[in-house]
Amino acid sequence: QLQLVESGGGLVQPGGSLRLSCVVSGSPLNHLAVGWFRQAPGKEREGVACITSRGDDTKYADSVKGRFTISKDNAKNAVLLQMNNLKPEDTAVYYCAADGIFDGGMDATIYDHWGQGIQVTVSS
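If you're wondering where the values come from, they're calculated on a predicted model, not measured in any experiment.

**Considerations on the overall build of the chain**
Here comes step 1: Along the chain, the regular secondary structure elements total zero helices and 11 strands.
Here comes step 2: Counted from the first residue to the last, the chain has its helices and strands arranged as β-β-β-β-β-β-β-β-β-β-β.
Here comes step 3: Taking 2.2 N^0.38 as the reference for a compact globule, 124 residues should give roughly 14 Å; the C-alpha atoms of the chain span a radius of gyration of 13 Å, in line with that estimate.
Here comes step 4: Based on the C-alpha atoms only, the size of the chain along its principal axes is roughly 40 × 30 × 25 Å.
Here comes step 5: A burial count over the chain gives 44% of its 124 residues as buried.
Here comes step 6: Long-range pairs, those at least 24 residues apart, make up 59% of the contacts in the chain between residues at least 6 apart in sequence.
Here comes step 7: When the accessible surface of the chain is summed, it comes to about 6400 Å², and 48% of that surface belongs to carbon and sulfur atoms.
Here comes step 8: Side-chain charges in the chain split into 11 positive and 13 negative, and the spacing between the mean points of these groups amounts to 6 Å.

Take a look at the structure:
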């Protein structure tokens, strides 16, 4: 019964910003670690950012450090991904994923609940 729904994607020019939201239903957010992953056409799915159940630790892919920020809004039971200074290479389908056993990480295999994915396109 755990569900994750992403929103906030779309088309943006290089250097622009987007904020993705992942609303989680079926479990309190403080019981879950959440990660953001992305997959570009012809490429493997890669970890982008993750946050622990308490929200006290975060990790980022080297390619997005300093540009992306992951956070939790416990009142809304949502995880946010603020994406600034977007580049064409950020173009991908972005997925949020939740884990109630392992407390975070960039390994996709530890996540057993996934959202449907949302398109982010960075192009001039």
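Structure's up, so let's keep going.
**What to know about the state of the cysteines**
Here comes step 1: Summed over the entire model, instances satisfying the criterion amount to one disulfide.
Here comes step 2: The disulfide bridge from Cys22 ends at Cys96, spanning 2.1 Å between sulfur atoms. One disulfide, between Cys22 and Cys96, carries an S-S torsion of 65 degrees and so falls in the right-handed class. With Cys22 in strand 3 (residues 18-25) and Cys96 in strand 9 (residues 92-99), this residue pair connects regions lying 74 residues apart in the sequence.

**Some thoughts on unusual backbone geometry**
Here comes step 1: Even without a glycine there, the phi angle at Asn77 is positive, about 50 degrees.
Here comes step 2: With respect to the helices and strands, the residue Asn77 is situated in the loop between strand 7 (68-73) and strand 8 (78-83).
Here comes step 3: In this structure Asn77 comes out as buried when scored by relative accessible area, which is 17%.
Here comes step 4: Phi at Asn85 is positive, roughly 50 degrees, even though this residue is not glycine.
Here comes step 5: Assignment of secondary structure puts Asn85 in the loop between strand 8 and strand 9.
Here comes step 6: Here Asn85 falls in the partly exposed class, since its relative accessible area comes to 39%.

**Thoughts on the sheet that holds strand 3**
Here comes step 1: Taken together, four strands build an open sheet; the order of strands is 1-3-8-7 and the sheet is antiparallel. Each end of this open sheet is capped by a strand with a single partner; those strands are strand 1 (3-7) and strand 7. Neighbouring strand axes in the sheet, compared pairwise and without regard to direction, differ in orientation by 15 degrees on average.
Here comes step 2: Bridge count for strand 7 against strand 8 is six bridges, and the pairing is antiparallel. Residue pairing across strands places Ser71 opposite Leu80, the latter belonging to strand 8.

Analysis parameters
Just so you know, the residues in each chain are numbered from 1, in the order the chain's sequence is written. Whole-chain, interface and lining totals are the exception, using all residues; otherwise, since this is a predicted model, local features are given only for residues with pLDDT of at least 70 and side-chain atom pairs are given and counted only at 80 or more. The side-chain numbers reported here are obtained from all heavy atoms of the structure, hydrogens and water having been left aside. In this description a helix means any DSSP run of H or I spanning at least four residues, a strand means any run of E spanning at least two, and both kinds are numbered starting from the N terminus. Here the radius of gyration uses the C-alpha set of atoms, whereas the globule reference equals 2.2 Å times the residue count to the power 0.38. Relative accessibility under 20% of the residue-type maximum defines a buried residue, over 50% an exposed one, and the middle range a partly exposed one, all with a 1.4 Å probe and only protein chains included. Pairs of residues are marked as contacts when any of their non-hydrogen atoms sit within 4.5 Å. A 1.4 Å probe and the Shrake-Rupley method give the accessible areas. Residues count as covered only by the protein chains that appear here. We treat Lys and Arg as the positive residues and Asp and Glu as the negative residues; His and chain ends play no part in the count. Working definition for charges: the position is that of NZ of Lys, CZ of Arg, CG of Asp or CD of Glu. Disulfide assignment relies on a single distance test, namely cysteine sulfur atoms paired within 2.5 Å. In this analysis, strands are considered paired if DSSP registers two or more bridges between them. A fitted line through C-alpha atoms serves as each axis, taken over the contacting stretch for helices, and the angle formed by two N-to-C directions is quoted from 0 to 180°.

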